[in-house]
Amino acid sequence: MSFARDTHRLLERLSDHAFAALRPGEALSLSLSAENQTYLRFNTGKVRQATGVRQWRLELDFRARDRQVTFTTDLSGRVDRDHRDLHALLARARSDAASLPPDPFAAPLENPSQSEEWHEVATPDPAEVIEQVAVATAGTDFAGLFAAGPQIRAVRNSTGQNHWFATSGFFLDYSLFTVNSAGENKAVKGLLSGTGWRASELALAIEADRHRLDQLRMPSRTLAPGEYRAYLAPAAVAHVVELLSWGAVSFGAWKKGGSALRRWIEGEVPLSERFSLRENFALGLGPRFNSLGELAPLQLPIAERGAPKNLLTGARSAREYGVTSNGAESGLWSEEQLRSAEILPGDLPERDALKRLDSGLYIGNLHYLNWSDLKSARVTGMTRYACFLIEHGEIVAPIQDLRFDDSLYRIFGTELEALSEETRLFPATETYGQRSLGGCKVPGILLSRFRLTL
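Reading the values: rules and limits
- Residue positions within a chain follow its written sequence, with the count starting from 1.
- Two thresholds apply to this predicted model, a pLDDT of at least 70 for residue-level local features and 80 or more for giving and counting side-chain atom pairs, whereas whole-chain, interface and lining totals are computed over all residues.
- Side-chain measures here rest on the full set of heavy atoms in the structure, leaving out hydrogens and waters.
- For helices the rule is a DSSP run of H or I covering at least 4 residues; for strands it is a run of E covering at least 2, with both sets numbered from the N terminus onward.
- The span one expects for a helix is its residue count, reduced by one, times 1.5 Å.
- Accessibility here uses a 1.4 Å probe with only protein chains present; expressed as a share of the type maximum, an area under 20% marks a residue as buried, one over 50% as exposed, and anything in between as partly exposed.
- Read the arc as the range of directions from the helix axis to the C-beta atoms.
- Any two residues whose heavy atoms approach within 4.5 Å at even a single point are treated as in contact.
- Throughout this description, a polar contact denotes any pair of N or O atoms lying within 3.5 Å of each other; where both atoms belong to protein, one of them has to be capable of donating a hydrogen while the other can accept it, and for residues adjacent in sequence the pair is counted only when both atoms sit in side chains.
- We define the nonpolar core as a collection of buried residues of types Ala, Val, Leu, Ile, Met, Phe, Trp, Tyr and Cys that are connected through side-chain atoms lying within 4.5 Å of one another.
- Stacked, edge-to-face and tilted are the three classes for Phe, Tyr and Trp ring pairs, Trp counted by its six-membered ring, which pair at centre distances within 6.5 Å; planes under 30 degrees apart are stacked, over 60 edge-to-face, the rest tilted.
- The term salt bridge refers to a pairing of a side-chain nitrogen on Lys or Arg with a carboxyl oxygen on Asp or Glu at a separation within 4 Å.
- What counts as an axis is a line fitted to C-alpha atoms, over the stretch in contact for a helix, and the angles between N-to-C directions run from 0 to 180 degrees.
- Should the near helix be turned anticlockwise from the far one by less than a right angle, the crossing is termed left-handed; should it be turned clockwise, right-handed.
- Under the scheme applied, nonpolar residues are Ala, Val, Leu, Ile, Met, Phe, Trp, Tyr, Cys and Pro; charged residues are Asp, Glu, Lys and Arg; polar residues are all the others, including Gly.
- Cysteine sulfur atoms are paired as a disulfide whenever they come within 2.5 Å of each other.
- Working definition: roughly parallel below 35 degrees, roughly antiparallel above 145 degrees, roughly perpendicular at 65 to 115 degrees, and oblique for all remaining angles.
- Following DSSP output, two strands are said to pair if at least two bridges run between them.

Overview of helix α4 (residues 199–216)
Between its first and last C-alpha atoms α4 spans 26 Å; for 18 residues at 1.5 Å apiece the expected length is 26 Å, and the two agree. Of the residues making up α4, those classed as buried are L202, A205, I206, D209, L213, Q215 and L216. Seen end-on, α4 carries its buried residues on one side only, within an arc spanning 160°. In α4, the exposed positions that point more than 90 degrees away from the buried face belong to L204 and E207. Next to the buried residues of α4 lie α3 (126–136), β5 (141–157), β6 (162–179), β7 (185–194), β16 (378–391) and β17 (394–398).

Now the structure itself:
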């Protein structure tokens, strides 16, 4: 049987045993994350690490008399052993709960819905991937990480709730490096992803990157701090969207005073009518259900033509503030986060972006983003990879990396001149602990002014 089918059977047997062991007044939810991944790490065009990771991670959420205890454990995949470990963990949770005070905002475990999604495809042959990467990148300084294989998220609780999501796909997150005529290190970054690996798509992407490398070998220009017309490529926009999950569109963060977009939410500052943002689980980047098993709408508008429509609201925020949950997921700081964000496209053909920019900056990517002033929604970070000075619609030189510091009220508001017709999908590529799900789909954006500092 397949990894996903075996895991489905494992979870059913473990949860049935655990739920049968509950006492009156107790409730239990089991949340499973599992993967069977191939990881290949490349450096200077050679395979430096080849690893297979097969793991199951189970979170136990135990409730008794308004007390809540959660534990996370790794499973072995063997039903007899995992059943004994889960039984011992349940006994520990019962003991710990007896000594805790009631939690007034712990959402009750309920049975509002059930769902099941299977997206199974064959995993690419690692040997073929290695050979095809070697051929396509010959003569370049190539570094990257390839990951492929099935991923699973599932939630079952003792009231009958049952959600299952199984998917499979790959990503190749990579960079090509060079040294320009002034001895400076330069790089182009790329990302390939999908459900079916194709050598032809890799070859086309690397060929385009080689052209960018040639442009990066020109001497860099040093720019003075100031405001520049700028086109942010989709990869750069994706990093800005990631920052929105740091409380910006979270209901809980807004109520606690921690949302960078508070003034927009409360109608004090507008965003551009060109800007529309939504959660769109039809993109297939991850499950609609969260770790509590709440099922989010297939599509949830957050900003519609610049106007606020919804904030991400999870069960805890709903209980605390007396509102309705829309199935959002809470993160490390218990604030709701975007899981499948999409910025709707505009009417600027990407092939015409530099012509429309005329003179200014092409920003290929950004990194190290953070809030510099939460109250004014100011974001800071660095330009990175292929960023160029543009004059009369043509690339004239790469630029030295610079820090930017600008407000979302300008980036998605007063300075937003156009969005590209084309959008790009950026799946999550984090692999710390396990391979992540989620991501975003975004266009490029043309800004009338973009603030660069030292």
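Notes on the side chain of E417
Looking at where E417 falls in the secondary structure, it is placed in strand β19 (residues 416–427). A relative accessible area of 17% means that E417 is categorised as buried. A polar atom in the side chain of E417 sits 2.9 Å from the side chain of S448. Those residues within four positions of E417 in sequence are excluded, and the remaining contacts are R229, R274, R356, L446 and S448.

Focus on the nonpolar core
With 62 residues, the main nonpolar core has L232, L261, I343, L361, L408, F412 and I445 as its most contacted residues. With residues up to four places along the chain from it excluded, the contact list for I445 reads A230, Y231, L232, V237, I411, F412, L416, A418 and L419. Within the second largest apolar cluster, 32 residues are counted, among which are F42, F170, Y231 and L348.

Re the packing of aromatic side chains
Using the criterion set out here, one finds 13 aromatic pairs in the structure. Between Y231 and Y362, the ring centres sit 6.0 Å apart and the planes meet at 25°, which makes this aromatic pair stacked. Of this pair, Y231 sits in strand β8 (residues 226–232) while Y362 is found in strand β15 (residues 360–373), placing the two residues 131 residues apart along the sequence. Y362 carries the same exposure label as Y231, and that label is buried. On the basis of an interplanar angle of 65° and a centroid distance of 5.8 Å, the ring pair of F251 and Y321 is categorised as edge-to-face. Taken as a pair, F251 in helix α6 (residues 251–255) and Y321 in helix α8 (residues 315–321) lie far apart in primary sequence, 70 residues in all. Under the relative-accessibility criterion, F251 is labelled buried at 12%. Y321 gets classed as partly exposed once you look at its relative accessible area, which sits at 25%.

Notes on the pattern of salt bridges
Summed over the entire model, instances satisfying the criterion amount to 28 salt bridges. Note that D61 and R63 form a salt bridge whose closest N and O atoms lie 2.8 Å from each other. The two residues D61 and R63 agree in class, both being buried. Here E227 ties to R451 by a salt bridge, and the two come within 2.9 Å at their closest N and O atoms. Of this pair, E227 sits in strand β8 while R451 sits in strand β20 (residues 439–453); the two residues are 224 residues apart in sequence, bridging distant segments of the chain. Connected via shared salt-bridge partners are E227, D406, R410, E415, R449 and R451.

Focus: the packing of helix α1 (residues 3–20) against helix α2 (residues 79–98)
Between α1 and α2, the shortest axis-to-axis distance is 10 Å and the interhelical angle comes to 40°. For the element pair α1 and α2, the recorded crossing hand is right-handed. On α2, the residues touching L10, R13, L14, H17 and A18 of α1 are V79, D82, H83, L86 and L90. Considering only residue class, the contact of α1 with α2 consists of 6 nonpolar, 2 polar and 2 charged.

A short note on the state of the cysteines
Tallying each qualifying case throughout the model produces 0 disulfides. Its sulfur unpaired, C387 is 17 Å from the next cysteine sulfur, which belongs to C440. For C440, a relative accessible area of 6% gives the class buried.

A few points about the packing of α3 against α4
The geometry of α3 relative to α4 is characterised by a closest axis approach of 9 Å and an angle of 30° between their N-to-C directions. For the element pair α3 / α4, the angle class is roughly parallel. For the pair α3 and α4, the crossing hand works out as right-handed. Of the residues in α4, those in contact with Q132, V133 and A136 of α3 are A199, L202, A203, I206 and R210.

Observations regarding the pairing of strand β14 (residues 340–343)
Going residue by residue along β14, you find S340 and E342 tucked away on one face and A341 and I343 tucked away on the opposite face as well. With 3 bridges joining them, strand β9 (residues 277–280) and β14 adopt antiparallel strand pairing. Looking at the pairing, L277 lines up with I343 of β14. Inspection of the sheet shows β14 paired to β20 by 3 bridges, in the parallel sense. When the bridges of β20 are listed, S340 appears paired with G439.

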